[in-house]
Structure formats: C-alpha cells, structure tokens
Amino acid sequence: MSSATVIEAPLAGAPPGTPVAVYACLASPTFRDAALRGVEDFVRRHGWASVETFIDIAEFASSAEERPERAMALALVTRGEAKGVVAPSYSMLWHGPEERAEITDWQVRTGAWLSSPWNTTEITSRLGASRPGRTAS
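It should be emphasised that the depicted structure is a prediction, and the values quoted were computed from it without experimental measurement.

Trainee: Could you give me a rundown of the overall build of the protein, with the residues and numbers involved?
Mentor: In terms of regular secondary structure, the protein is built from four helices and six strands. Listed N to C, the secondary structure of the protein is β-β-α-β-α-β-α-β-α-β in terms of helices and strands. A buried classification covers 45% of the 137 residues belonging to the protein. Put simply, 77% of the contacts in the protein that link residues at least 6 apart link residues at least 24 apart.

Right under this line is the structure:
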C-alpha cells in the first residue's frame, strides 16, 4: 500500500460544475439532515455538481466492510462519473492507517480527490491562517 498523502480538492482543479459524490457515515439516520446540510452548502458554494449521495448507518469507527455505501461512492469516482468525494469529515472515509493507505492508493489509481467542509485547508482559511500545500494530514 502507498504511503502517499491524501489529496484534498484543489480549488483550481475543481472548477464549478465538477461532478462529486457525497458520502457520510452516520450512527443514526436522525443525523442525516444535520450532517449533510454543511456538505450540501459546501458543494453549492464551490459550484460543484453533486451526482449522488451515499450514506452508511454504522458505528463511527466501523470497518470498511460495514460501510458498503463508502465503496459505492468510491466506485462512482473510479468509473469516472465523479471527480472526487465530499464528506462531512475525512474520518468518515477512513479509520486507521490501512484504510488511509487504501484511500491514497485509490487516489493514485483514479486521480480522485477528497474534500470536506471541515478539512484543514478550509479551516485555516476561515481562521485567516495560511498553510503550505493542499494535503490532508
């Protein structure tokens, strides 16, 4: 598996109209609207086009096998129907080094990127801080 860094959505490389998959892993369906509201606003603010929304109802740190909608979101991008995945939090896409390596390998194969309203680039921008590079730690 790769030791590469997860690639965040490069704003210049993801112009308005860019198709994206939306993914969330929620402990309960009652959190759906609250969790997705910020993501939908984020996608709309960037002018991206949400192609499909995938939601797993599972424990926060459940294995990838227990999150089949995650696999479907990644597959949508792999097929070229979207350029990246937007999630409320990166932690919904990977837990631990093995899943992180899986994501980075997937990115290398597909050229895909990830983004989140709470990613470090967005937060530092909101706080008025600057940060070199566009990679998620």
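Trainee: Give a description of helix 2 (residues 68–78) that names residues and reports values.
Mentor: Among the residues making up helix 2, those that are buried are Arg70, Ala73, Leu74, Leu76 and Val77. The buried side chains of helix 2 occupy one side of the element, clustering within an arc of 150 degrees when seen end-on. Gly80, located one to two residues past helix 2, shows a positive phi value of around 85 degrees.

Trainee: Could you give me a rundown of the packing of aromatic side chains, with the residues and numbers involved?
Mentor: The geometry of an aromatic ring pair comes down to the distance between the two centres and the angle between the two planes. For the structure shown, the criterion picks out three aromatic pairs. A centroid spacing of 5.0 Å and a plane angle of 50 degrees characterise the contact between Trp48 and Trp113, whose relative ring orientation is tilted. Separated by 65 residues along the polypeptide, Trp48 in the loop between helix 1 (32–46) and strand 3 (49–57) and Trp113 in strand 5 (residues 113–115) bring together distant segments of the chain. Residue class for Trp48 comes out buried when judged on its relative accessible area of 6%.

Trainee: Requested: an account of the pairing of strand 3, with residues and values cited.
Mentor: Where strand 2 (residues 19–26) lies against strand 3, eight bridges are found, and the strand directions are parallel. By the bridge assignment, Ala24 is partnered in strand 3 with Ile55. Tracing the backbone out of strand 2, into helix 1 and back to the parallel element strand 3 gives a crossover that is right-handed.

Trainee: Run through the nonpolar core, naming residues and quoting values.
Mentor: Counting 34 residues, the largest nonpolar core has Tyr23, Trp48, Val85, Val86, Leu93, Trp106 and Leu114 as its most contacted members. Residue assignment for this core shows that the elements contributing at least two residues are strand 2, helix 1, strand 3, helix 2, strand 4 (84–86), helix 3 (96–110) and strand 5. With seven residues, the single largest contributor to this core is strand 2. Apart from residues no more than four positions distant in its own chain, Trp106 is found in contact with Leu74, Val77, Thr78, Val85, Gly111, Ala112 and Leu114.

Trainee: Which residues make up the side chain of Ser28, and what values do they have?
Mentor: Residue position: Ser28 is located in the loop between strand 2 and helix 1. The exposure class assigned to Ser28 is buried, which follows from its relative accessible area of 19%. Within the structure, Ser28 has its side chain in polar contact with the side chain of Thr30 (distance 2.9 Å).

Criteria and thresholds
- Residues numbered from 1 in each chain as written.
- Predicted model: local features only at pLDDT ≥ 70, side-chain atom pairs only at ≥ 80, totals over all residues.
- Heavy atoms only, no water.
- Helix = DSSP H or I, 4+ residues; strand = E, 2+ residues; numbered from the N terminus.
- Buried < 20%, exposed > 50% of the residue type's maximum accessible area, 1.4 Å probe, protein only.
- Contact = heavy atoms within 4.5 Å.
- Arc of directions from axis to C-beta.
- Phe/Tyr/Trp six-rings, centres within 6.5 Å; stacked < 30°, edge-to-face > 60°.
- Pairing = 2+ DSSP bridges.
- Right-handed = clockwise from strand over helix to strand, strands pointing away.
- Core = buried A, V, L, I, M, F, W, Y, C linked by side-chain atoms within 4.5 Å.
- Polar contact = N/O pair within 3.5 Å; in protein donor to acceptor, adjacent residues only side chain to side chain.

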